[in-house]
Amino acid sequence: MTVSLDSTLLKDSSYVNGQWLGDSVDFVSVSNPANGELIQRVASCSMDDAQAAVDAANAALPAWRSRSAKDRAALLKRWFDLIMLNQNALGAILTAEQGKPLAEAKGEVAYGANYIEWFAEEAKRVYGDTIPSTGPSSRIVVIKQPVGVVSAITPWNFPNAMITRKAAPALAAGCTFVVKAAKETPLSALALAELAEQAGIPKGVFNVLVCKQSSAVGKVLTQDPQVAKFSFTGSTEVGKILLQQCATTVKKTSMELGGNAPFIVFNDADLDEAVKGIMISKYRNAGQTCVCTNRVFAQSEIYDDLAQRLKIAVDLLKVGAGHDEGVEIGPLINADAKTFVQELLDEAVAEGATVLTGGNEQDQGDLFFQPTVLTNVSTHMRVAREEIFGPIAPLIKFETEEQAIQLANDSTVGLAAYMYSRDIGRVWRVSEALEYGMVGINEGLISNEMAPFGGVKESGMGREGSKYGIEDYLEIKYLCMGGIDK
Ligand code: SIN
């Protein structure tokens, strides 16, 4: 089905210093992963355009950070309102370019907008401190100030929310912002820019770049000395390269990198609830989130039962184009993603795993992958060691609590983990022992604007959302006031 998209929100070039850049010699072709249809050609920006965006953000900084927090909050709130007013149109654009089901896409638009609303409120709560001083003639005061110009690179799996979750705290804190949107899904980012302009966010404060050759533009964003802070969501592999680039000018960084989430189900768990948790944490966005369950660890007594119940639920999933009614699993983002997921599956099967359900070709189109449950999986298999980013749930058997913790922590990354148990003592012991930044306890959907999202180990650094999220965009300044005694 060809879907008509709202032309006022459908843009075809980068947005820099309050201007749409217009034509270019090169283009990014944005197509619908469900059917390969071209949605829009977007002019690809150059390194000079990226430099102009950073210069503009730097020029806009003094006025923006001088505005009162209440004033910045009011503009952010207006942006939030416009996004929610356009939720359906933004959802349709997001589904068209990214592939996720329309209900999920509209959910992402609201999820993304919630960060703007949340940080509009937090803008007014950037409190400092006074500290008892060393003697009667001095005072110690701590104030918090915006870090300055922020640059960001965001991924294709959440084309809206991964931008707002960085831009909202940055703007709330008084920083200006330049984002390079993923070339697979730039249209949601550009639509956000259109609404930011309509909301009255001043020119130069929020800039969006779209480009074909990411590395040259990436270098401007990670190395220009005017940029004080860089924020990235994406793979650990790319994050390491960007961190090195940021080191040349010692930028503050926030890194939301890869995961390999364990989902531990103990014998005493409510299995109906555990299946619900796996369904949402594994199959959301066709398995393409960094907090998606990557390894299901099931205790031996309930392993077979859990596998059967999961198979029943997975067989009911409707796979198809995101705009079609009732669809729950859309296509993967591109051919490389599909090949990778297929390789992981084939390798696991060759090494002894059993396909309980799924694993077959889908007739909906080239990029569809049937939701799959794999049993007899062992921890050395690549499907259990690498981030799958696709709809395969590998089930691994364990015997004891200690073994579950050891297997779950046997990973270089530590973003999200999940555990299902009704034993309160075990819940505390295991949650505290898990080397992860976030733990879902009898809960498979943990992301929201009020909670700190982020990981440990090679999953990165910094937190997004919550009262902690704005701290990443603030500097602490200590004022030592002397000469107070007469
Ligand atoms: C991500 O995959 O990077 C974000 C997932 C989420 O916000 O839940």
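### A look at the pattern of salt bridges
- All chains considered together, the criterion is met by 23 salt bridges.
- Between arginine 309 and aspartate 305 there is a salt bridge; the shortest N-O distance is 3.1 Å. With arginine 309 and aspartate 305 both in helix α10 (residues 303–315) and 4 residues apart, this pair spans about one turn of that helix.
- Taking relative accessible area as the criterion, arginine 309 reaches 31% and is therefore assigned partly exposed.
- For the salt bridge of lysine 457 with glutamate 435, the shortest nitrogen-to-oxygen distance reads 2.9 Å. Here glutamate 435 lies in the loop between α14 (424–433) and β19 (438–441) and lysine 457 lies in strand β20 (residues 456–457), a separation of 22 residues in the sequence.
- Overall, lysine 457 belongs to the partly exposed group, its relative accessible area being 36%.
- By relative accessible area, which is 38% here, glutamate 435 ends up partly exposed.
- Residues joined by salt bridges that share partners form a network here, namely Asp268, Glu401, Arg426 and Arg429.

### Topic: the nonpolar core
- Ranked by size, the top nonpolar core spans 71 residues in total, and within it Ile264, Val265, Leu306, Leu310 and Val383 carry the most contacts.
- No fewer than three residues from each of domain 1 (15–257) and domain 2 (261–447) sit in this core.
- Beyond its immediate stretch of four places on either side in the chain, leucine 306 contacts Val265, Leu271, Ala274, Val275, Ile278, Val296 and Ala298.
- Of all hydrophobic cores here, the second largest spans 66 residues; its members include Ala96, Ala123, Ala161 and Ala199.

### A short note on the domain arrangement of the chain
- Structurally, the chain comprises domain 1 (15–257) and domain 2 (261–447).
- Each of domain 1 and domain 2 has a C-alpha centre, and the two are 31 Å apart.
- On the domain 2 side, the residues contacting the 21 residues of domain 1 number 23 residues.
- For the pair domain 1 and domain 2, the two sides together bury roughly 1700 Å², of which 61% comes from carbon and sulfur.
- Where domain 1 touches domain 2, the interface holds 6 residue pairs in polar contact (both at pLDDT 80 or more).
- At the level of secondary structure, the elements contributing two or more residues to the side of domain 1 that touches domain 2 comprise α3 (87–98) and α4 (102–122).
- By residue number, the principal contributor to the side of domain 1 that touches domain 2 is α3, which donates 5 residues.
- Per-class residue counts for the side of domain 1 that touches domain 2 are 10 nonpolar, 6 polar and 5 charged.

### Topic: α14
- All of the buried residues in α14 are Arg426, Val427, Val430 and Ser431. Viewed end-on, α14 has its buried residues packed into an arc of 120 degrees, placing them on one side of the element. Facing away from the buried side of α14 by more than 90 degrees, the exposed set consists of Ile424, Trp428 and Glu432.
- The elements touched by buried residues of α14 are β12 (261–265), β13 (293–299), α13 (401–409), β18 (416–420) and β19.
- Measuring from the side-chain oxygen of the N-cap residue of α14 to the backbone nitrogen of glycine 425 gives 2.9 Å; that N-cap residue is aspartate 423.

Parameters and conventions
Residues numbered from 1 in each chain as written. Predicted model: local features only at pLDDT ≥ 70, side-chain atom pairs only at ≥ 80, totals over all residues. Heavy atoms only, no water. Salt bridge = Lys/Arg side-chain N within 4 Å of Asp/Glu carboxyl O. Helix = DSSP H or I, 4+ residues; strand = E, 2+ residues; numbered from the N terminus. Buried < 20%, exposed > 50% of the residue type's maximum accessible area, 1.4 Å probe, protein only. Core = buried A, V, L, I, M, F, W, Y, C linked by side-chain atoms within 4.5 Å. Domains from an automatic or database assignment. Contact = heavy atoms within 4.5 Å. Buried area = accessible area lost by both parts, 1.4 Å probe. Polar contact = N/O pair within 3.5 Å; in protein donor to acceptor, adjacent residues only side chain to side chain. Nonpolar A, V, L, I, M, F, W, Y, C, P; charged D, E, K, R; others polar. Arc of directions from axis to C-beta.

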